[in-house]
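A closer look at the structure
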Amino acid sequence: MKLTIERAALLKALAHVQSVVERRNTIPILANVLIEATAAKGKEGRLSLTATDMDLAFVESVPAEVTKAGATTVQAHTLYDIVRKLPEGSQIGIDNDAAKGGGQVGIRAGRSAFTLAVLPAEDFPKMSGGDLPHSFDLAAAELRGLVDRTRFAISTEETRYYLNGIYMHAAESNGVKVLRAVATDGHRLARVEMPLPAGAENIPGVILPRKAVMEVRKLIEETAGAINVSLSDTRVRFAFDDAVLTSKLIDGTFPDYERVIPAGNDKILEVDCKTFAAAVDRVATISTEKSRAVKLSLGKGQLTLSANSPDAGSATEEIEARYTAAPIEIGFNSRYLLDIAQQIEGEGARFTMADAASPTIIQDTADQSALYVLMPMRV
Amino acid sequence: MAPGLCRDCLSPLDRAGEAERCPRCGSTRLLFHPELFALAFAHVDCDAFYASVEKRDDPTLADRPLIVGGGRRGVATTACYIARRYGVRSAMPMFKALKLCPQAVVIRPDIAKYARVSRDVRALFDEATPLVEPVSLDEAYLDLAGTEAVHRRPPALTLAGLARRIETEIGITVSIGLSFNKFLAKLASEIDKPRGFGVIGRQEARGFLAGRPVRVIPGVGAKQEARLTADGIAMIGDLQRVGADELGRRYGAFGRRLAHLAEGEDSREVERDHEAKILSAETTFETDLAALPALEEELWPLCEKLAGRLKQAGLVGRTAVLKLKTADFRLLTRRHQLDRPTQLAEAMFRAARPLLAREAGRRRFRLIGIGLDDLMPAVEAGPPADLFGGPDDRLEAVERAIDRVREKFGPASIGKGRGLKPVRPRGQAKKSR
């Protein structure tokens, strides 16, 4: 293998690839990135970089001037660090000449030269293949909308592993077919939907694991075009322009979330979302580290936020609100309120409540595509 | 002219002339120290506490060697000062203690009784100063700064009076260490045990420490001592010579801490009502155990015991701590952070079992313990209720139901299956006492 590549192109790809590699690995080759150089006659050469943690595999390919095709694996973080530290605008030469034993790979740029130990490319684990019968396209903005507005609610609880991801499935909402993303940690729930894309009509309900979600999110940022999603019962693949991420799905049953979205809540509060979030943030300064509780006291046309801590003191703030139902007091975790407020892009937020002990629904007043359910806490 | 006091009649004295006896009462228990009335930080330690309590309650034991401890393979918990003359020490295996002192009387510890006596002692401490930090049943730190205005006598005299009251009103003796911080007060209380009164002043602290071995520093165990000795540091004087900068370079934060203590600097304060941040229950086995099922069988009742205490105290905790001691006395602790704070025996057991499974089978253990760390009041812990019903909800319902049945019909009325001991074949059944 012998090739030359621009530093900028290699660095960008490596940055994506190395983030898949776990920092601590018991299997040495999982710390490595598979580098494969291909040269087809009359076409530009390509260098493809692959990393995996056995649950998730990521491949990105970049143009390179390939003199001799070949493949090997080197430590991902070491390679990334080297490329990162090389001067901007460098041309990087990579070769592992079988004649020289092939047991090492040379990295060269300007006057810098590195020799890295390798592990054989044949030993690099391949994610099991198999058909991905369902395939549909999502615009980058659509996928971002699904991921951003749900991922904050993903649970980290090991005991309920089936909540450690985003549940994606096809559903019907008011007679319209939609693609839904749902995440919950039991304390809050986020449900986001969009018109069902062509090809997704018969998809099974799948749980995308947190790590795949987070990696996908990073890649969306740098993609303008469409992203192809294909999946089976056990695997999902996200194909970007030059990169493909394949992940196992969480093998579990997502709970029947519809049952916890209250239907009969009748007390409606509307606030200016930014004002509300800023006030919650200020008042929460006082609430204890452990509970982070803030109390919402609702009266006619007015909302009072307050927090109390036996150690720190107390805080209150009044904000204008549209509220006409009977006065109530209800407590929430301020962190959770802020997480949701951050996802609301419109000016207004609408809270639909029943009482101080029952789940509350929060929505953007101007956008019904996202719905959040939040469990109150005793205050 | 060093100020002094008589520990029997509590008269303040000046070392004028060469008085060997108290001019007022004739006692020889006189104490002189240049800084005697300038120091206010004390460590009070009951002498051979368990043994002293037993001797108090049975005067026929007064002149006989006494060991409190027991069990077939137990250890000597406390040896009285007579037994100590034969070489018996605390934590010594019983068979060895009895080899050294075969005529010793052995009494099984009665912790409930010692706790009662400890409370009486504590009550007297509280009269001396509001700043009392009990370390265990038989020792406490007292900060008497500012008490002179209340008692109209300097802390040294208050302490001497305290020791005399504990002797006359409770019937046991204590040793007092008086200095200007925790570390030195503790060392001072060991200077002339039993029934002692040791003083370490600011002037002499550095010199006093220089001649002591490094292991008297809290936090320096056998392992650290070996490491320091290997580096040429055996005495605290060696630490003083090496200096803070070098110690910090060599041993990091641990080294800097050593350097401070070696210079007699200790900024820890007496913490009143030092709250328990961790609660635990443990047991030493009759014979060493290695197999997982046998260890689990010991673990479960401990979880129930600990849960009982947590429920009574209204506490929950977030981190389960499994403690194991190997047959060769190596201590292992394994921690697991729970998803949510708990006080349930079942939740603790479920958290500890995988930790135990990882350790079991490879070696033999003599002790197992379960603890819960990161404690907080249960009322404060309330995370928002769970939309789907938390995963512990069912466990909780079951355990609360068991608790209610036990409350009504007694602790043995109901329990989980895993709490049942395997039925022993006839003839080998353990005799109940």
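My aim in this report is to walk through the structure given alongside it, one point at a time. (Residues numbered from 1 in each chain as written. Chains lettered and ligands numbered in written order. Predicted model: local features only at pLDDT ≥ 70, side-chain atom pairs only at ≥ 80, totals over all residues. Heavy atoms only, no water.)

**Some points on the overall build of chain A**
- Regarding its fold elements, chain A presents six helices and 25 strands.
- A burial count over chain A gives 56% of its 379 residues as buried.
- Put simply, chain A shows about 17900 Å² of open surface, and 48% of that area lies on carbon and sulfur atoms. (Helix = DSSP H or I, 4+ residues; strand = E, 2+ residues; numbered from the N terminus. Buried < 20%, exposed > 50% of the residue type's maximum accessible area, 1.4 Å probe, protein only. Areas by Shrake-Rupley, 256 points an atom, 1.4 Å probe, with all protein chains shown as cover.)

**Examining the pairing of strand E4 (residues 41–46) of chain B**
Residue and element names in this part refer to chain B.
- Of all six residues in E4, six are buried; the element is thus mostly enclosed.
- Neither face of E4 is left uncovered, since the one carrying Phe 41, His 43 and Asp 45 and the one carrying Ala 42, Val 44 and Cys 46 both have all their residues buried.
- In the sheet, E4 pairs with strand E9 (residues 139–143) via five bridges, with the strands oriented antiparallel. Within E9, the position partnered with His 43 by the bridge is Tyr 141.
- Where E4 lies against strand E10 (residues 174–179), six bridges are found, and the strand directions are antiparallel. Within E10, the position partnered with Asp 45 by the bridge is Ser 175. (Pairing = 2+ DSSP bridges.)

**Thoughts on the sheet that holds strand E24 (residues 360–364) of chain A**
Residue and element names in this part refer to chain A.
- Judged by pairing direction, the sheet is antiparallel, and its nine strands sit side by side in the order E13-E10-E11-E12-E25-E24-E23-E17-E21 without closing on themselves. With one partner strand each, in any of the chains shown, strand E13 (206–209) and strand E21 (322–323) form the two edges of the open sheet.
- Pairing of strand E10 (residues 165–173) with E13 involves four bridges; the strand directions are antiparallel. Following the sheet pairing, Gly 165 is matched in E13 by Pro 209.

**A short note on the pairing of strand E1 (residues 3–6) of chain B**
All names here are of chain B.
- Here E1 shows no split at all, with Pro 3 and Leu 5 on one side and Gly 4 and Cys 6 on the other all buried.
- Note that E1 and strand E2 (residues 12–14) share three bridges and pair antiparallel. Bridge assignment links Leu 5 to a residue of E2, and that residue is Pro 12.
- Hairpin remark: E1 followed by E2, antiparallel, with five residues in the connecting loop; positive phi at Leu 10, about 60°.
- With three bridges joining them, E1 and strand E3 (residues 30–32) adopt antiparallel strand pairing. Residue pairing for E3: Leu 5 is matched across the bridge by Leu 31.

**Things to note about the pattern of salt bridges**
- Summed over all chains, the structure comprises 56 salt bridges over all chains.
- One salt bridge in this structure joins Arg 46 of chain A and Glu 44 of chain A, with 3.2 Å as the shortest N-O distance.
- On the accessibility criterion, Glu 44 of chain A (52% relative accessible area) is exposed.
- Between Asp 266 of chain B and Arg 268 of chain B there is a salt bridge, with the nearest N and O atoms lying 2.8 Å from each other.
- For Asp 266 of chain B, a relative accessible area of 14% gives the class buried.
- Put simply, Asp 148, Arg 151, Arg 217 and Glu 221 of chain A are held in one network by salt bridges that share partners. (Salt bridge = Lys/Arg side-chain N within 4 Å of Asp/Glu carboxyl O.)

**Description of the interface of chain B and chain A**
- Chain B puts 15 residues into the contact, and the matching count from chain A is 22 residues.
- The contact between chain B and chain A buries some 1500 Å² in all, and 63% of this surface belongs to carbon and sulfur atoms.
- Viewed at the interface, chain A and chain B are joined by two salt bridges.
- Notably, a salt bridge pairs Asp 386 of chain B with Arg 160 of chain A, separated by 2.6 Å at the nearest N-O pair.
- Here the side of chain B that touches chain A gets three residues from one element, more than from any other, and that element is strand E14 (residues 331–342) of chain B.
- Class assignment of the residues belonging to the side of chain B that touches chain A gives a composition of seven nonpolar, four polar and four charged. (Contact = heavy atoms within 4.5 Å. Buried area = accessible area lost by both parts, 1.4 Å probe. Nonpolar A, V, L, I, M, F, W, Y, C, P; charged D, E, K, R; others polar.)

**A few points about the sheet that holds E2 of chain B**
Residues and elements named next belong to chain B.
- Strand order in the open sheet formed by three strands is E2-E1-E3, with antiparallel pairing between adjacent strands. The sheet is open, and its two borders are formed by E2 and E3, each paired with just one other strand. Along the sheet, successive strands turn relative to each other by an average axial angle of 30°, direction set aside. (Axes fitted to C-alpha atoms, helices over the stretch in contact; angles between N-to-C directions.)

**So, helix H12 (residues 292–313) of chain B**
Residues and elements named next belong to chain B.
- The end-to-end C-alpha distance of H12, which contains 22 residues, comes to 31 Å, matching closely the 32 Å that a straight helix rising 1.5 Å per residue would cover.
- Tucked inside the fold, the buried residues of H12 contact strand E12 (279–289), strand E13 (315–326), helix H13 (345–359), strand E15 (365–377) and helix H15 (393–409).
- Trailing H12 by a residue or two, Gly 314 shows a phi angle of about 65°, which is positive. (Expected span 1.5 Å × (residues − 1).)

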